[in-house]
Amino acid sequence: MKALADAGFPQGVIPPQERPNVMLLRQLGFSGRDEQVVAKAAAQAPELLSAASSASAMWVANAATVCPRRML
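Residues numbered from 1 in each chain as written. Predicted model: local features only at pLDDT ≥ 70, side-chain atom pairs only at ≥ 80, totals over all residues. Heavy atoms only, no water.

Caption draft 1: View of the overall build of the chain. Along the chain, the regular secondary structure elements total five helices and zero strands. By the burial criterion, 11% of the 72 residues in the chain qualify as buried. Roughly 6,000 Å² of accessible area belongs to the chain as shown, and the carbon and sulfur atoms make up 62% of that amount. (Helix = DSSP H or I, 4+ residues; strand = E, 2+ residues; numbered from the N terminus. Buried < 20%, exposed > 50% of the residue type's maximum accessible area, 1.4 Å probe, protein only. Areas by Shrake-Rupley, 256 points an atom, 1.4 Å probe, with all protein chains shown as cover.)

Here you go:
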């Protein structure tokens, strides 16, 4: 990416999302400080904590990968 940027190609950067998604856990009913929210989710609903910690939604870059092709 740096080599392309140094060559003058514009670059887009998608920053990583915060994980676990504490805001989502709060919307699902967990409360307290961030640490308490995560601990409660781990104890009461580990599958929800797993989903809120998943990186699968972060693979936007792979979904939009472009490989240039030389036109002949």
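Caption draft 2: Geometry of the nonpolar core. If you look at the biggest cluster of nonpolar residues, it comprises eight residues: Val 22, Leu 25, Phe 30, Val 37, Ala 41, Ala 45, Leu 49 and Ala 52. Listing elements by their share of this core, those giving two or more residues are α2 (22–27), α3 (34–44) and α4 (46–53). (Core = buried A, V, L, I, M, F, W, Y, C linked by side-chain atoms within 4.5 Å.)

Caption draft 3: Region of the structure containing unusual backbone geometry. Here Arg 19 and Pro 20 are connected by a cis peptide whose omega angle stands at 0°. In this fold, Pro 20 is placed in the loop between α1 (2–6) and α2.

Caption draft 4: A look at the environment of Pro 16. Along the chain, the position of Pro 16 falls in the loop between α1 and α2. Residue Pro 16 is classed as exposed on the basis of its relative accessible area, which comes to 73%. The sequence separation of Pro 16 and Ala 55 amounts to 39 residues, and the corresponding C-alpha distance is 9.2 Å.

Caption draft 5: Seen up close, the pattern of salt bridges. Per the counting criterion, the structure on display carries three salt bridges. In this structure, Arg 33 engages Glu 35 in a salt bridge whose closest nitrogen and oxygen atoms are separated by 3.8 Å. (Salt bridge = Lys/Arg side-chain N within 4 Å of Asp/Glu carboxyl O.)

Caption draft 6: Fine view of the environment of Ser 31. The residue Ser 31 is located in the loop between α2 and α3 in this model. Under the relative-accessibility criterion, Ser 31 is labelled partly exposed at 43%. In this structure, the C-alpha to C-alpha distance between Ser 31 and Ala 41, residues ten residues apart in sequence, is 9.6 Å. Ignoring anything within four residues of it in the chain, the contact list for Ser 31 reads Arg 26, Gln 36, Val 37 and Lys 40. (Contact = heavy atoms within 4.5 Å.)

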